[in-house]
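# Structural characterization, general
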Amino acid sequence: MTGNVTGTLVPFDEALNRYDPVMGLEVHVELNTATKMFCGCPAVFGGQPNTNVCPVCLGLPGALPVVNGKAVESAIRIGLALNCDIAEWCRFARKNYFYPDMPKNFQTSQYDEPIAFDGFMDVEVDGETHRIQVERAHMEEDTGKSSHVGGATGRIHGADYSLLDYNRAGIPLIEIVTRTFEVPGHKAPLVARAYVQQLRDLVLALGVSDARMDQGSLRCDVNLSLKPTGTALLGTRSETKNVNSFRSVERAARYEVSRHAGILDAGERVVQETRHFHEDTGTTSPGREKSDADDYRYFPEPDLAPVAPSRAWVEELRGTLPEPPTERRRRLQSEWGFSDLEMRDTAGAGAMDLVAATVEAGAAPQAARKWWLSDLARRANETEVGLAALAVTPADVARIQALVEEGSLNDKLARQVFDGVLAGEGTPDEVVAAHGLAIVSDDGALTEAVDRAIAANPDAADKIRDGKVAAAGALIGAVMKEMRGKADAARVRELILEKLT
Ligand SMILES: [Zn+2]
């Protein structure tokens, strides 16, 4: 029997009265190398099934693998960015097990000699920093992909038949494994989520992966156990596999706390097993039972030379590391003068790079933030695309803001310019010209409109002549109406007062 089917779920907050969660995370990152880990096949997502394959990645007898140097470089850069030591000499190992989407019947991985080890990442949650120790980052290859057809769930149980696609087999993976960590219980799911988020930012900044959780190029296994509060008794852990969004990492952790607590409260034993996470219900279900002693009969891969990166090369790669995302965030916050809340909102909206690029293009930070987080975020929501996928560039935003600041546009007109740019009508200047959106501050046109407004509103004009300057509002409104919002309101006011006082 696997899993616990009788235990009741204990509400998360209540569970924390009696238990402390102990967590660990394993993240697989698919590298964006041009070719696979051990052969020259293209390493691309999708494609017609079984078109990017060769004898090596199909595991045909006699095929000889060769290590992809670019993948080793990416692995070392990830390791360095995670503050790891880099092995002076390490080997690949065969991890033996049978799986239909792995035709060699072993996965080429690393066992006791990972390329990178003993690192850490500082994770920020609610203004507090939690140091997560990274045990290791090792290289391995991805497996192929099975699709189970005919069943209701897409899983093998109940399926009529299965299809196998080996295009993904052999794509380079880096597996990053944390040591177990304990943080205040209520924060554990948030810290886990933030770790994965920061790790994704990091690999994106390194440029080594497209890190698309929705496409599986970054996926996370969530390990969790509970120990009774105030004791050192480690519980039995569950391992929720292939969680594929930040939110799901948090939800899976919360659910497992509730589930484990229910089992322990009932005096039962948590089964050590893998679990599947279900997006629709936020629950997990049993996968396969697992023991720490799973014997994969690892042995060093005889067909591959050891990897022995020279110290000079490692130092050269260290020189290529980007500014760490957390430091960059701190630096930008101080440069932009944003409050913690503004910074959190900007990051949460996925707008950090966009705001940075808009500022670089000349806009004031607050103006850049305002456009991206209000109008543009709303439009991204309406069309269900990401902010970065909107058909407006940071340079466009900076240009529109410049037009606002020089008085050619007000906010209302600026929104119309955004409409045009988003609709593909051209650059901001082209949209302004095509729709005649610029504010009219030309005295000739304004004076004529002011004269018409005075003639049409004699009462208001008389009041102003009598010194009741507040009555100018009615005349300004009439001019704005006639010019459909495009008049320079301050100049209109001046003209009215010049004429009547
Ligand atoms: Zn191949």
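Notes on the structure follow. (Residues numbered from 1 in each chain as written. Predicted model: local features only at pLDDT ≥ 70, side-chain atom pairs only at ≥ 80, totals over all residues. Heavy atoms only, no water.)

## Quick notes on the overall build of the protein chain
Test applied: A run of DSSP states H or I qualifies as a helix once it reaches four residues; a run of E qualifies as a strand once it reaches two. Both are numbered from the N-terminal end. For this measure, only C-alpha atoms enter the radius of gyration; the expected value for a globule follows 2.2 Å times N^0.38, where N is the number of residues. Exposure categories follow from relative accessible area, calculated using a 1.4 Å probe and restricted to protein chains: below 20% of the type maximum is buried, above 50% is exposed, and the middle band is partly exposed. Only heavy atoms matter for contacts: two residues are in contact if any of them lie within 4.5 Å across the pair. Only the protein chains shown count as cover for residues, and the accessible areas themselves come from Shrake-Rupley with a 1.4 Å probe. Lys and Arg are tallied as positive, Asp and Glu as negative. Neither His nor the chain termini are counted. Charge placement uses NZ in Lys and CZ in Arg. For Asp and Glu, CG and CD serve respectively.
What the protein chain contains, in helices and strands, is 16 helices and 14 strands. Taken over the C-alpha trace, the protein chain has a radius of gyration of 30 Å; the compact-globule value for 501 residues is 23 Å, which it surpasses by more than 25%. Oriented by its inertia axes, the alpha-carbon framework of the protein chain measures out at about 100 × 55 × 50 Å. Within the protein chain, the fraction of its 501 residues that count as buried is 46%. Of all intrachain contacts in the protein chain linking residues separated by at least 6 positions in sequence, the fraction that spans at least 24 positions is 67%. Accessible surface, the protein chain as shown: approximately 24,000 Å² in total, 51% of it carbon and sulfur. Where the 55 positive side-chain charges of the protein chain centre and where its 74 negative ones centre are 2 Å apart.

## Section: the coordination of the zinc ion
Selection criterion: A donor here means any N, O or S atom no more than 2.8 Å from the metal (3.2 Å for Na, K and Ca); water is not included, so a site may seem to lack partners. A site with four donors is called tetrahedral when every donor-metal-donor angle falls between 85 and 135 degrees; four donors are called square planar, and six octahedral, when opposite donors sit more than 155 degrees apart and all other angles fall between 65 and 115; any other arrangement is irregular.
Distances from the zinc ion to its protein donors, namely Cys 39 (SG), Cys 41 (SG), Cys 54 (SG) and Cys 57 (SG), fall within the range 2.3 to 2.4 Å. Between the four donor atoms coordinating the zinc ion, the angles at the centre fall across 100 to 115°, so the site counts as tetrahedral. Donor residues for the zinc ion sit on one chain with the sequence pattern C-x1-C-x12-C-x2-C. Taken together, the positions of Cys 39 in the loop between β1 (19-30) and α2 (69-81) and Cys 54 in the loop between β1 and α2 put the pair 15 residues apart, joining distant regions of the chain. For the pair Cys 39 and Cys 54, one class covers both residues: buried.

## Looking at the environment of Glu 135
Locating Glu 135 in the fold gives a position in strand β6 (residues 128-141). The class for Glu 135 is partly exposed, based on a relative accessible area of 31%. The spacing of Glu 135 and Ala 188 is 53 residues in sequence and 18 Å in space, taken between C-alpha atoms. Apart from the residues within four sequence positions on either side, Glu 135 is in contact with Phe 117, Asp 118, Val 177, Thr 178 and Arg 179.

## Brief notes about the packing of helix α15 (residues 472-482) against helix α16 (residues 489-500)
Packed helices, taken two at a time, are described by the angle between their axes plus the distance between the axes. Applicable threshold: Whenever a helix is involved, its axis is fitted only over the stretch in contact; in every case the axis is a line through C-alpha atoms, and angles between N-to-C directions fall within 0 to 180 degrees. When an angle is under 35 degrees it counts as roughly parallel; over 145 it counts as roughly antiparallel; between 65 and 115 it counts as roughly perpendicular; any other value is oblique. Helix crossings are classified by the rotation of the near helix relative to the far one: an anticlockwise turn of less than a right angle makes the crossing left-handed, while a clockwise turn makes it right-handed. Lys, Arg, Asp and Glu make up the charged group, whereas Ala, Val, Leu, Ile, Met, Phe, Trp, Tyr, Cys and Pro make up the nonpolar group; the residues left over, Gly among them, are polar.
Packing of α15 against α16 brings their axes to within 10 Å, and their N-to-C directions diverge by 125°. For the element pair α15 / α16, the angle class is oblique. The interaxial crossing formed by α15 with α16 has right-handed handedness. Of the residues in α16, those in contact with Ala 472, Leu 475, Ile 476, Val 479 and Met 480 of α15 are Ala 489, Val 492, Arg 493, Ile 496 and Leu 500. Tallied by class, residues from the contact of α15 with α16 come to nine nonpolar, no polar and one charged.

## Observations regarding unusual backbone geometry
The backbone of Ala 211 shows a phi angle near 50°, a positive value even though the residue is not glycine. Relative to the helices and strands, Ala 211 resides in the loop between α3 (188-206) and β10 (218-228). A positive phi angle, near 50°, is found at Asn 242, a position not held by glycine. Taking relative accessible area as the criterion, Asn 242 reaches 45% and is therefore assigned partly exposed.

## Digging into the pattern of salt bridges
As a reminder, the rule being used: For this analysis, a salt bridge means a side-chain nitrogen from Lys or Arg found within 4 Å of a carboxyl oxygen belonging to Asp or Glu.
One pass over the structure, following the stated rule, counts 39 salt bridges. Note that Asp 265 is salt-bridged to Arg 18, the shortest N-O span being 2.5 Å. Separated by 247 residues along the polypeptide, Asp 265 in helix α4 (residues 246-265) and Arg 18 in helix α1 (residues 12-18) bring together distant segments of the chain. The exposure class of Arg 18 is partly exposed, given its relative accessible area of 32%. With a closest N to O distance of 3.4 Å, Arg 168 and Asp 142 form a salt bridge. Placement of Arg 168 in the loop between β8 (161-165) and β9 (172-178) and of Asp 142 in the loop between β6 and β7 (145-149) is noted, with a sequence separation of 26 residues between them. Through salt bridges with shared partners, a single network forms among Asp 221, Arg 237, Glu 239 and Lys 241.

## Looking at the sheet that holds β9
Put simply, the rule is: Two strands qualify as a pair provided DSSP detects at least 2 bridges between them.
Pairing is mixed in the open sheet, where nine strands are placed in the order β2-β5-β6-β9-β1-β10-β11-β12-β13. Two strands in the sheet have a free side with no partner beyond their single neighbour: β2 (85-86) and β13 (283-289).

## Focus on the state of the cysteines
This is how the line gets drawn: Pairs of cysteine sulfur atoms within 2.5 Å are what we label disulfides.
Using the criterion set out here, one finds zero disulfides in the structure. Of the cysteine sulfurs around Cys 84, a residue in no disulfide, the closest is that of Cys 90, at 12 Å.

## Observations regarding the side chain of Thr 178
How we decide: Polar contacts, as counted here, are pairs of nitrogen or oxygen atoms within 3.5 Å of one another; within protein the pair requires one atom able to donate a hydrogen and one able to accept it, and residues that are adjacent in sequence qualify only if both atoms are side-chain atoms.
By the secondary structure assignment, Thr 178 is in strand β9. In this structure Thr 178 comes out as buried when scored by relative accessible area, which is 5%. In terms of polar contacts, Thr 178 uses its side chain to reach the backbone amide nitrogen of Leu 25, at 2.9 Å. Those residues within four positions of Thr 178 in sequence are excluded, and the remaining contacts are Gly 24, Leu 25, Ile 132, Gln 133, Val 134, Glu 135 and Tyr 195.

## Considering the nonpolar core
Soluble, globular proteins show a tendency: their nonpolar side chains are buried together. This is how it is decided: To define a nonpolar core, start from buried Ala, Val, Leu, Ile, Met, Phe, Trp, Tyr and Cys residues and group those joined through side-chain atoms within 4.5 Å.
With 72 residues, the main nonpolar core has Ile 176 and Tyr 195 as its most contacted residues. Non-local contacts of Ile 176, meaning those with residues more than four positions away in its chain, are made with Leu 25, Glu 26, Val 27, Val 29, Ile 78, Leu 82, Val 134, Arg 136, Ala 137, Tyr 195 and Leu 199. Grouped together as the second largest cluster of nonpolar side chains are 34 residues, Leu 376, Ala 398, Leu 403 and Phe 418 included.

## Observations concerning the environment of His 278
Inspection of the secondary structure assignment puts His 278 in strand β12 (residues 273-278). If we skip the residues at most four places from it in the chain, His 278 touches Arg 155, Thr 283, Thr 284 and Ser 285.

## Concerning the sheet that holds strand β4 (residues 106-109)
Strand pairs in the sheet, formed through backbone hydrogen bonds, run parallel or antiparallel to each other. Here we have three strands laid out as an open sheet, ordered β4-β3-β14, and antiparallel in their pairing. Only two strands of the sheet have a single neighbouring strand rather than two, namely β4 and β14 (299-300). By the bridge criterion, four bridges tie strand β3 (residues 93-96) to β4 in an arrangement that is antiparallel. From the neighbouring strand, Ala 93 faces β4, where its bridge partner is Ser 109.

## Focus on the packing of helix α6 (residues 325-336) against helix α8 (residues 352-360)
Two elements in contact, α6 and α8, have axes whose closest approach is 12 Å; the angle formed by their N-to-C orientations is 45°. When the axes of α6 and α8 are compared, the pair comes out oblique. Crossing of α6 over α8 shows left-handed handedness. Two secondary-structure elements touch here, α6 through Arg 328, Arg 329 and Trp 336 and α8 through Met 352, Asp 353, Val 355, Ala 356 and Val 359. By residue class, the composition of the contact of α6 with α8 is five nonpolar, no polar and three charged.

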